[in-house]
Amino acid sequence: MKRIILFVLLSVCTATYSTGQLWKMYIDSAAIMEKERKPAVAADYYVTAIEILKKDSLGTKTHGLTALSLGNLYIHMSQNDKAEAILNEAKAILGNINSRAELAGVYDDLGNLYRNTSRYEKAEQAYKAAQIIRDSIYGQEHPLYARSCNNIGILYQITGRYKESEQLLMKARQIYEKNKGRESRDFAVNSSNLAILYSTTGQYDKAVEFMTDGNKLWAIISGKESLDFAVSCNNLGRLYQTIAEYDKAEVMYLTAKKIRGDILGRSSAPYALVCNNLGNMYTLMGLYTKSEQLLLEARNIYEKNKNQINYSTNCEGLGNLYTEIGLHEKALPYRLETEQVRKSLLGDEHPWVVYSGVNIAGTYIELGKYDTAISILSTVKKAFEEKIGRDQPGYAETCNNFSIAYRLSKQYQKAEELALEARLFGVKEFGKEHPALSGFSNNLAFTYWQQKKDKQAEGIFLEAFEARKIQTDKIFSFSSEYEKLAFLQSVSQEWRSFYSFSYDRMPAEKAGNPFDLSLYYRNLVLSSVQQLNKTIYNNGSPEVKNKYEEWKKTKQQLAYWLIKPETEQKDDRMILEEKANNIEKELTRLSAAFKNELQKKDFNWQMIQQNLQAGEAAVEFIDFKYDAGDEQKDSIFYVALVLNKDLPEPVMVKLFEKRELEALLLKKSINKKNTINLFYSSGELNKLIWKPLEKYMPSISKIYFAPSGLLHHVSLAAIKINAAQTLSDKYKLVQLLSTSSLIGETEQQITTSDNCVLYGGIQYNADSAMLKQAASPYLTNQTGSRSIPPELIEGGGLPAFEPLPGSETEILFIAKSAGDRKIPVKIFKGTDANEESFKAINGKASPSVLHFATHAFFYSDPKKNKRLSREAWGSAFKMSDNPLFRGGLVMSGAENAWKGKPVQGVEDGILTAYEISNMYLPNTKLVVLSACQTGLGDIQGTEGVYGLQRAFKITGARNLVMSLWDVDDAAGAEFMQEFYQNLFNNRSIADAFSTAQQVMKTKYRNNPYLWAGFILIR
């Protein structure tokens, strides 16, 4: 609207004002449009003004200055050809009339243009021409002379003339401070430029000081929505990234990205630059998908003009990304192109060109071309030593890559010397806590390992572990759950290497450090999410709680889209995913209490031992892929880390390889029941899992254990240790997510001050009227299994979910037992057992005991399960890439949605693990899932089982009773009756469960299918 009005006004001016006034109106209008952040419109007005000035031969100086303004604007719009032409026109006009002061300004802009397009010789000539003019007019203590010093100083910094750059920038600083003060625009520019110089030369403390000062000044001088502020934020982001302060860097980058996108557009070079920087940082954080999107977005912009230094930086970033994800053949062309572009712009000896060789050599190492890498690195190292300096960034990495090449060539002495040098200069450059040191230290540890210098190797591995812990804590203090998982995946090789080293070289009885490593990383993301929920719910400010509610609502909206077919999801899913992710990060940043709680999580094995009683043991199971640096095996090894009250240190017990247990799990019989009974009757389970541990269990009667990998699918209680006994006959077994749960935790009971909510006897096939009226018809007397029928997987069979009358009997018995003990109970059955009723018990309304007797489901990853059909009922749940959508509980009316015909106006009845994880149940001591396979899910490294187990743990529920296989309706009800009788008779949850299991085992000893399927997880 504003543009239309301006054109109308200008039309009026044509009729009303003289020609001499008309060009001024266009110039004034252009200035207004620049302030309105409409550069294209402003440029049109400047062009029109110049045309009038040329036509009428008016005011040649005005003509020159208008051309100068237009040239400057074209530079900001990245229209470099137009900028160069109009600036040369301005230079000719102002030179002809000997307008020397204004001519110096033209030379400045030409210098900026040449610098931006990497024509550095021409840039230096232009800047020096401006400097000479200003020296002759004003002398060397004038602010305009300082501007020339500043411009040349920036150029020298880019071209590697660092000492000369610092001298010129400090000279400019002194002039600005003396003439304009410390809060002037020029002083702010100078602060930013000095910060960039100090960052480039590894003087990070100085860089942070100057850059933060400059950023504050820009916010005051130009405002927080200006391009000046965007430049400062981008530069400060790069600095924070360099020193691994990714939280602060991300905030700066996103601020700069938004400003540049809004003002200059999403196809401008400055916008591409910040995309590139942000993408590079996401690579370091393991966020590879986001990184690639940003780097390719920047590349599409830079493709228009490859002859620039920022294009080479984009090539470098893509090379780094593809190297990190193991696509080395794809990375190499980007590495080579980086060097080629930089050589053409900077010459062979520039530090950035030399550094390109480090990355190229690194890729050749990954491709197994060690001799080629060694040859390149010899040249690079010599260049650093003779011309650039060993104290400059890149030298430590040069030595490290050189060391790796020699190590993998089995030249260990040379590798060790270079690894020590890399670490020495790495510490000087970054400090011991920087994540870059983890890579250097791990390489040195591998080198010691290969030479059997075990003490030195262990010490260096542990130093690397401590540096990585610091980085992990920082990243966890601001990132989302998804980003935390991605980061841990990106660094998981490091702890696999340490486990491999301990497995290979360390005495079995010296396993304290592997135990501590397992304690730190096990369920690290889960505990972080739990703590965030708890902190916000209990201590959050109104601002934080409002943001928390917004996050929950966004996730609810996302759940709606994620269960729709892929063809209907469109862009809504991605938009909501990004929104939910960003709100979660904002919540994490806002919650100071959460950050404080994170810092407290630093458990060690001594703390576990102090919490063990006589006769008790703790076992941390771990699995890892063997990695010795220059030797990797396809096998995944399982070990147990055993601790009891009397051991001086935990013991590492070697167990089995994954393929051995996998072979047992894959054996089939005539039906599921026979398959499970044969599996647990096999002596192979005892041989693989328990026999190696027995000698470390003298006088032990109670074992706390935390499973990993495939052990999540095994009921340890049912393992036969001899002809007459199972493991649970000899020991009381307590399953934990981590043995760190022993610290500060006590066994819980259900008392008269508690309450129960029970779901059972659910009507799955209710029609819309019944659902909306919440009718409660009784179900027919028939029995069945609480699993989804096999035919449903293929889309056939009616009804979708058969009734479970035994589930109603079950909850009525539990209700009576609770009532006898004066424990309040609320029952939901029939159509009352809907999703709405469950979601209403969020927060303070959460019960002490939450029991579900219903159907449940979990589907394996669709990428691995080729049998799943997209046309089958429930395909939206089966085909999801999110395991929390592939598992859930079946509530009233679920059959409608499962068949693709959900009832409008009510929940769909499919209570996914994702929806459950969106709840908070702070009062819930016990969740019982009396349904089939509720303990199953995707196994995701140190985070364990992704399914209903994780969902309910996220809610804050303390104890979970779940099933590993299909629950027989009658036997399940029998187990539950025994369990709840014990529970309501003043027994702890763990004792009640153990006793119920023993009773069922006595009755069905040779049929573990009927008694061993339920597990209790604390």
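Residues numbered from 1 in each chain as written. Predicted model: local features only at pLDDT ≥ 70, side-chain atom pairs only at ≥ 80, totals over all residues. Heavy atoms only, no water.

Structural notes on the overall build of the protein
Reasoning step 1: Scanning the protein from N- to C-terminus turns up 46 helices and 16 strands.
Reasoning step 2: Across the 1018 residues in the protein, those meeting the buried criterion constitute 58%.
Reasoning step 3: A separation threshold of at least 6 residues defines the contact pool for the protein, and within that pool the share at least 24 residues apart is 70%.
Reasoning step 4: Roughly 41900 Å² of accessible area belongs to the protein as shown, and the carbon and sulfur atoms make up 50% of that amount. (Helix = DSSP H or I, 4+ residues; strand = E, 2+ residues; numbered from the N terminus. Buried < 20%, exposed > 50% of the residue type's maximum accessible area, 1.4 Å probe, protein only. Contact = heavy atoms within 4.5 Å. Areas by Shrake-Rupley, 256 points an atom, 1.4 Å probe, with all protein chains shown as cover.)

Some remarks on the pattern of salt bridges
Reasoning step 1: One pass over the structure, following the stated rule, counts 48 salt bridges.
Reasoning step 2: Its salt-bridge partner being Glu84, residue Arg119 comes within 3.3 Å of it at the nearest N-O pair. Within this pair, whereas Arg119 is found in the loop between helix 6 (100-116) and helix 7 (120-138), its partner Glu84 is found in helix 5 (residues 80-96), the two being separated by 35 residues in sequence.
Reasoning step 3: For Arg119, a relative accessible area of 27% puts it in the partly exposed group.
Reasoning step 4: Salt bridges here are not isolated pairs; linked through shared partners, they connect Glu124, Lys128, Arg161 and Glu164. (Salt bridge = Lys/Arg side-chain N within 4 Å of Asp/Glu carboxyl O.)

Some points on the sheet that holds strand 9 (residues 856-858)
Reasoning step 1: The three strands lie next to each other as 9-10-11, forming an open sheet whose pairing is antiparallel. Strand pairing shows two members of the sheet lacking a second neighbour, strand 9 and strand 11 (910-912), which therefore form its edges. The average undirected angle you get between the axes of adjacent strands in this sheet is 25 degrees.
Reasoning step 2: With three bridges joining them, strand 9 and strand 10 (residues 887-890) adopt antiparallel strand pairing. (Pairing = 2+ DSSP bridges. Axes fitted to C-alpha atoms, helices over the stretch in contact; angles between N-to-C directions.)

Quick notes on the packing of helix 4 (residues 60-76) against helix 6
Reasoning step 1: Two elements in contact, helix 4 and helix 6, have axes separated by 10 Å at closest approach and are oriented at 20 degrees. Taken as axis vectors, helix 4 and helix 6 run roughly parallel relative to one another. Seen along the crossing, helix 4 lies across helix 6 with a hand that is left-handed. Along its contact with helix 4, which presents Lys61, Leu65, Leu68, Asn72 and Ile75, the element helix 6 presents Glu102, Gly105, Val106, Asp109, Leu113 and Asn116.
Reasoning step 2: Among the residues forming the contact of helix 4 with helix 6, the class breakdown is five nonpolar, three polar and three charged. (Parallel < 35°, antiparallel > 145°, perpendicular 65-115°, else oblique. Left-handed = near helix turned anticlockwise from the far one by under 90°. Nonpolar A, V, L, I, M, F, W, Y, C, P; charged D, E, K, R; others polar.)

Let's talk about the packing of aromatic side chains
Reasoning step 1: Under the defined criterion, the tally for this structure stands at 37 aromatic pairs.
Reasoning step 2: Here Trp449 and Phe501 contribute two aromatic rings whose centre-to-centre distance is 5.4 Å and whose plane-to-plane angle is 75 degrees, an arrangement assigned as edge-to-face. Here the residue Trp449 occupies a position in helix 22 (residues 436-450), and Phe501 occupies one in helix 24 (residues 481-505), the gap between them amounting to 52 residues. Summarising the burial analysis for this pair, Trp449 and Phe501 share the class buried.
Reasoning step 3: Following the ring pairs from residue to residue traces out a cluster consisting of Phe446, Trp449, Phe461, Phe498, Tyr499, Phe501, Tyr503, Phe624, Tyr626 and Phe637.
Reasoning step 4: Lying across the ring of Tyr914, Lys555 places its NZ or CZ 5.9 Å from the centre. (Phe/Tyr/Trp six-rings, centres within 6.5 Å; stacked < 30°, edge-to-face > 60°. Lys NZ or Arg CZ within 6 Å of the ring centre and 35° of its normal.)

Here we look at the packing of helix 23 (residues 454-476) against helix 25 (residues 512-521)
Reasoning step 1: Running from N to C, helix 23 and helix 25 cross one another at 15 degrees; their axes reach a closest spacing of 12 Å. The angle between the axes of helix 23 and helix 25 places the two elements in the roughly parallel class. The handedness of the crossing between helix 23 and helix 25 comes out as left-handed. Where helix 23 abuts helix 25, its residues Glu458, Leu462, Phe465, Arg468, Lys469, Thr472 and Asp473 lie against Asn513, Leu517, Tyr520 and Tyr521.

Description of the confidence of the model for the protein
Predicted coordinates in areas of low pLDDT are best not read in detail.
Reasoning step 1: With 89% of its residues at a pLDDT of at least 70, the protein reaches an overall mean of 84.
Reasoning step 2: Between residues 1-17, whose pLDDT stays under 50, and residues either more than four places distant or in other chains, the model counts 16 contacts.
Reasoning step 3: Within the model, pLDDT remains below 50 along residues 771-798, and this stretch shows 86 contacts once partners closer than five positions in the same chain are excluded. (pLDDT = per-residue confidence, 0-100.)

Thoughts on the nonpolar core
Reasoning step 1: Counting 272 residues, the largest nonpolar core has Tyr759, Phe838, Leu850, Phe852, Phe952 and Phe979 as its most contacted members.
Reasoning step 2: Residue contacts for Phe979: discarding those within four places in its chain leaves Leu926, Val928, Val961, Ile989, Ala992, Phe993 and Ala996.
Reasoning step 3: Among the nonpolar cores identified, the runner-up in size contains 28 residues, and Leu332, Ile365, Ile404 and Tyr406 belong to it. (Core = buried A, V, L, I, M, F, W, Y, C linked by side-chain atoms within 4.5 Å.)

What to know about the pairing of strand 15 (residues 959-963)
Reasoning step 1: With five of five residues buried, strand 15 lies mostly within the body of the structure.
Reasoning step 2: Burial along strand 15 is two-sided: Asn959, Val961 and Ser963 and Leu960 and Met962, pointing in opposite directions, are all buried.
Reasoning step 3: Pairing between strand 12 (residues 926-930) and strand 15: three bridges, direction parallel. Bridged to Val927 within strand 15 is Leu960.

Considering the environment of Ile910
Reasoning step 1: Within the secondary structure, Ile910 sits in strand 11.
Reasoning step 2: For Ile910, a relative accessible area of 0% translates into the label buried.
Reasoning step 3: For the pair formed by Ile910 and Glu835, sequence separation is 75 residues and the distance between their alpha carbons is 7.7 Å.

Here's the deal with helix 8 (residues 143-158)
Reasoning step 1: Look at helix 8: 23 Å from first C-alpha to last across 16 residues, which is about the 22 Å you get at 1.5 Å a residue.
Reasoning step 2: Burial within helix 8 is extensive, with 14 of its 16 residues counted as buried.
Reasoning step 3: Taken from the residues just after helix 8, Gly160 is the one with a positive phi, measuring 85 degrees. (Expected span 1.5 Å × (residues − 1).)

Quick notes on helix 44 (residues 969-983)
Since the α-helix turns once every 3.6 residues, residues separated by three or four places project in the same direction.
Reasoning step 1: The terminal C-alpha atoms of helix 44, which comprises 15 residues, lie 21 Å apart, in line with the 21 Å expected from a rise of 1.5 Å per residue.
Reasoning step 2: Taken across its 15 residues, helix 44 has eleven buried, putting it largely inside the fold.
Reasoning step 3: Turning to helix 44, its buried residues number three or more, namely Asp969, Ala971, Gly972, Ala973, Phe975, Met976, Glu978, Phe979, Tyr980, Asn982 and Leu983.

Considerations on unusual backbone geometry
Reasoning step 1: The backbone of Ser699 sits at a positive phi, close to 60 degrees, despite the residue not being glycine.
Reasoning step 2: Positive phi, normally seen in glycine, also occurs at Lys822, with a value near 65 degrees.

With respect to the side chain of Thr934
Reasoning step 1: Checked against the element boundaries, Thr934 lands in the loop between strand 12 and strand 13 (937-939).
Reasoning step 2: Among the polar contacts listed, one links the side chain of Thr934 to the backbone nitrogen of Ser963, at a separation of 2.9 Å.
Reasoning step 3: Among all residues touching Thr934, those that are not within four sequence positions of it are Ala856, Leu889, Leu929, Leu948, Gln949, Met962 and Ser963. (Polar contact = N/O pair within 3.5 Å; in protein donor to acceptor, adjacent residues only side chain to side chain.)

Focus: the environment of Arg958
Reasoning step 1: With respect to the secondary-structure elements, Arg958 resides in the loop between helix 43 (948-954) and strand 15.
Reasoning step 2: Along the backbone, Arg958 and Asn923 are 35 residues apart, and their C-alpha atoms lie at a distance of 9.0 Å.
Reasoning step 3: Leaving out residues up to four positions away in the same chain, Arg958 has contacts with Gln748, Leu921, Pro922, Asn923, Thr924, Lys925, Lys953, Ile1017 and Arg1018.
Reasoning step 4: From its side chain, Arg958 meets the backbone oxygen of Pro922 in a polar contact 2.7 Å long.

Considering the environment of Leu737
Reasoning step 1: Relative to the elements of secondary structure, Leu737 occurs in the loop between strand 5 (732-735) and strand 6 (756-762).
Reasoning step 2: Considered as a pair, Leu737 and Thr942 are 205 residues apart in the sequence and their alpha carbons are 10.0 Å apart.
Reasoning step 3: Excluding residues within four positions of it along the chain, Leu737 makes contact with Arg522, Asn523, Leu526, Ala706, Gln949, Lys953, Ile1017 and Arg1018.

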